[in-house]
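# Structure at a glance
Chain by chain, the residues:
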Amino acid sequence: MDLEETLLPGVGVRYELRTRAGEVIGIVVGREGSAEIAVYDRRDPDRARSVLRLDPEEVDAVAELLGAPRLTQRFADLSREVPGLRSGRFTVEDGSPFAGAPLGETRARTLTGCSIVAIVRGADVVPSPGPADLLQAGDVLVAIGADAGLDRLQRRLRGTA
């Protein structure tokens, strides 16, 4: 798989991906968050067979569908390789004592033995977040730990532990 990235001044960034099957896909991500996805004709690389235009909200929805589950799957694969290690996803609810607080205030590792390895916020992913990263209601925390620790983490985030 080949991936090329080209800065388009005043427009955004263009990505061109050649799949293993030989398809060429062009994606232009606009500065305002929109995107155009084109699948090019194999016989004429300058001609798009089709173009899909997405507004910023649609881009966010597609990114969330593709990004967060993929990240979670990677951690699930890791947990299968290490006995006793599991991954979990936990939403920071509106009523959580940690909504609006820095991640470090959860004391997740100290009190539950779990490591929070990513924060998923809509279409954005913060990998390896630090203790100063602020949590928001709706954030999904991706954590790794033992089953009991993940249970404690969930209760802690809800304010019931």
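First, a word on what this report is: a plain description of the structure on this page. (Residues numbered from 1 in each chain as written. Predicted model: local features only at pLDDT ≥ 70, side-chain atom pairs only at ≥ 80, totals over all residues. Heavy atoms only, no water.)

What follows concerns the overall build of the protein chain. A tally of regular secondary structure across the protein chain gives 3 helices and 9 strands. Summing over all exposed atoms, the protein chain offers an accessible surface of approximately 10100 Å²; the carbon and sulfur share of this is 51%. (Helix = DSSP H or I, 4+ residues; strand = E, 2+ residues; numbered from the N terminus. Areas by Shrake-Rupley, 256 points an atom, 1.4 Å probe, with all protein chains shown as cover.)

As a further point, take the sheet that holds strand S3 (residues 24–30). The strand order across the open sheet formed by 5 strands is S1-S2-S3-S4-S5, and the pairing between neighbours is antiparallel. Since the sheet does not close on itself, it has two edges, and those belong to strand S1 (2–8) and strand S5 (48–54), each with one partner. Each neighbouring strand pair of the sheet contributes to a mean axis angle of 15°, computed without reference to strand direction. Pairing of strand S2 (residues 12–18) with S3 involves 7 bridges; the strand directions are antiparallel. (Pairing = 2+ DSSP bridges. Axes fitted to C-alpha atoms, helices over the stretch in contact; angles between N-to-C directions.)

In this section: the nonpolar core. Generally speaking, nonpolar side chains in soluble globular proteins are found buried as a group. With 14 residues, the main nonpolar core has Phe90, Ile116, Leu135, Leu141, Ala143, Leu153 and Leu157 as its most contacted residues. Elements with a minimum of two residues in this core: strand S7 (115–121), strand S9 (140–145) and helix H3 (147–158). The leading source of residues in this core is H3, at 3 residues. Excluding residues that lie within four positions of it along the chain, phenylalanine 90 makes contacts with Asp139, Val140, Leu141, Ala143, Leu150, Leu153, Gln154 and Leu157. Counting residues in each nonpolar core, the second largest holds 7 residues, with Leu85, Val140, Val142 and Ile144 among its members. (Core = buried A, V, L, I, M, F, W, Y, C linked by side-chain atoms within 4.5 Å. Buried < 20%, exposed > 50% of the residue type's maximum accessible area, 1.4 Å probe, protein only. Contact = heavy atoms within 4.5 Å.)

Over its 12 residues, H3 runs 17 Å from end to end, which matches the ideal 16 Å to within 8%, given 1.5 Å per residue. Those residues of H3 lying buried are Gly149, Leu150, Leu153, Arg156 and Leu157. The arc enclosing the buried residues of H3, seen along the axis, measures out at 120°, which places them on a common side. Residues of H3 that are buried sit in contact with strand S6 (86–91), helix H2 (108–112), S7 and S9. Count one or two residues on from H3 and you reach glycine 159, which has phi positive near 85°. (Expected span 1.5 Å × (residues − 1). Arc of directions from axis to C-beta.)

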